[in-house]
Amino acid sequence: MNHKDPETTSTPRRSRVELWAPFLVLAIVAAVVWASFWSDSSVDDVATDRTGASQATAASDASDEAESSEESGESGESGEGAEDGGQGQRSGSAGAEPEHPKPEQLEASVRRFRAAQRRLASRVSRQVEVVEQRTQPFELQVASYNVLGDSHTGPGGNKPGWPDAGPRMDMTIAQLRSNGIDVVGFQEFEESQYGMFTSRAGEYSLYPGMSLGNKSVRFNIAWRSDMFSLVEAHTLSIPYAGGSRIAMPVVLLESISTGRRAWFANFHNPADTPRLGNNARWRAEAAAIEVAHLTELHQADGTPVIATGDYNERAEIFCRFTAGGVFTAAAGGSSAGGCAPPPSMQVDWIFGSTGVAFAGYAVTGTGQASDHSMINATATLTGDDGTDGSTDGTDGSTDGQ
């Protein structure tokens, strides 16, 4: 009985040629550009030599024709002799060297060659500038802000005596502007407040706006339109109170001035209240979904990720986000050798992946604009390896206060 070994599969490995090919191409391009600047004198010498050779050849041809004419005259003008002479002349012409290009044609070719070299050098220079811009550190001001929904301070709300949503929205916009906030994640941002914000703070763009209805509008992300452009947007289905699912936003923004990109996500995990009940189970499930999705986005191509939100947890959510070693908190703390949350914590957080460094963390009071403070910090998009920027030591934790 014959025995057949089972088929095996293996992942193809890239050869050294494939690995080094991009670097070889860049080296060749650089060599060509460098050589073009030293080729001018050589080309001029060649042009001179070719012109002299062309003139010498023309003189030689004229001399040969004269000798041929004399020989024809000596042999007489008989039909047979003339015919033989003609055949001999045609034979000699067929064996002559091809005509050389004229000097002006050669000069035109040289000019075209030099122009092509200059265009190539310009394209390479532009590409180098783009690459340098997209790898330089880039700073922005990021915030997480639960604005206290209009329904809480309106008729029948649980915040009697508080200002209505209109005056409170004016205070919110003033705080964003005075703190120079470039990107903010809102929570409890109800439809009426969305309308107020878009009509009074036209410098910001938002996602998802009202495109997903009255539930998802509460979790809008806003960014300064003169600083960022929207590249991509999607939502993540997150369990809220009682496990009901709500779509929450994730956007990829690109710096208009530098081309630097980063993902931004904004969440609101359910609280424990007499009306909503105990939602610890759903917060844990929500956090697992959020961390897994954002980690996958970051690890796909190294693009930095920043997450804002009201997570309704303190030490628990810090440990959930930082356990994998990918995320740190703007508020500080460490995950080296175990979970060590920062000494002072809110239920509102800003987290950043590898490639994001935080500084200037602040808990900004909002007065009667909201029952939450505004959490804000300076976020620096560093190199892909995340080694540049401000950190507080060797454990990878941030220097937020």
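Model, not experiment: these values are computed from the prediction.

Observations concerning the side chain of Q175
For step 1, the next point in the chain: Tracing the backbone through its elements, the reader meets Q175 in helix α6 (residues 165-178).
For step 2, the next point in the chain: Setting aside residues up to four positions removed in sequence, Q175 forms contacts with Y145, G365, T366, A369 and M374.

Quick look at the confidence of the model for the protein
For step 1, the next point in the chain: Here the protein shows a mean pLDDT of 81. Residues at 70 or above account for 69%.
For step 2, the next point in the chain: Every residue in residues 1-18 scores below 50 in pLDDT, and together they form 2 contacts with partners more than four places removed in sequence or on other chains.
For step 3, the next point in the chain: Residue range residues 385-401 is modelled with pLDDT below 50. Its contacts to residues more than four positions away, or to other chains, number 35 contacts.

A closer look at the sheet that holds strand β11 (residues 356-364)
For step 1, the next point in the chain: Across the sheet, which stays open at both edges, the 6 strands sit in the order β3-β4-β2-β1-β12-β11 with mixed pairing between neighbours. Whereas interior strands pair on both sides, the edge strands pair on one side only; in this sheet they are β3 (204-207) and β11. Going from strand to strand, the sheet's axes swing by 20° on average, the running direction of each strand aside.
For step 2, the next point in the chain: As paired strands, strand β1 (residues 138-146) and strand β12 (residues 374-381) are joined by 7 bridges and run antiparallel to one another.

What to know about the nonpolar core
For step 1, the next point in the chain: Counting 52 residues, the largest nonpolar core has L140, F264, L294, F321 and F351 as the members making the most contacts within it.
For step 2, the next point in the chain: Here this core takes 6 residues from strand β6 (residues 245-255), the largest share from any one element.
For step 3, the next point in the chain: Residue contacts for F264: discarding those within four places in its chain leaves L140, V183, I221, P249, V250, V251, L253 and I306.
For step 4, the next point in the chain: In this structure, V147, F186, M196 and M374 belong to the second largest nonpolar core, which totals 19 residues.

What to know about unusual backbone geometry
For step 1, the next point in the chain: For the peptide bond that leads from Y207 to P208, omega is 10°, which places it in the cis range.
For step 2, the next point in the chain: The residue P208 is located in the loop between β3 and β4 (221-224) in this model.
For step 3, the next point in the chain: For E188, which is not a glycine, the phi torsion comes out positive at approximately 55°.
For step 4, the next point in the chain: Along the chain, the position of E188 falls in the loop between β2 (183-187) and α7 (191-200).
For step 5, the next point in the chain: Despite not being glycine, N312 has its phi angle at roughly 50°, a positive value.
For step 6, the next point in the chain: Positionally, N312 belongs in the loop between β8 (305-310) and α9 (315-322).
For step 7, the next point in the chain: With a relative accessible area of 22%, N312 lands in the partly exposed category.

Considerations on the sheet that holds β8
For step 1, the next point in the chain: Strands sit in the order β5-β6-β7-β8-β10-β9 across an open sheet of 6 strands; the sheet is mixed. On the outer flanks of this sheet lie β5 (228-239) and β9 (327-329), each paired with one strand and no other. Going from strand to strand, the sheet's axes swing by 20° on average, the running direction of each strand aside.
For step 2, the next point in the chain: Note: β5 against β6, 11 bridges, orientation antiparallel. Across the sheet, residue S229 finds its bridge partner in β6, namely E254.
For step 3, the next point in the chain: In this fold α9 packs onto β8, β9 and β10 (348-353), with an angle of close to 10° to the strand it touches most, β10.

What counts, and at which threshold
Residues numbered from 1 in each chain as written. Predicted model: local features only at pLDDT ≥ 70, side-chain atom pairs only at ≥ 80, totals over all residues. Heavy atoms only, no water. Helix = DSSP H or I, 4+ residues; strand = E, 2+ residues; numbered from the N terminus. Contact = heavy atoms within 4.5 Å. pLDDT = per-residue confidence, 0-100. Pairing = 2+ DSSP bridges. Axes fitted to C-alpha atoms, helices over the stretch in contact; angles between N-to-C directions. Core = buried A, V, L, I, M, F, W, Y, C linked by side-chain atoms within 4.5 Å. Buried < 20%, exposed > 50% of the residue type's maximum accessible area, 1.4 Å probe, protein only.

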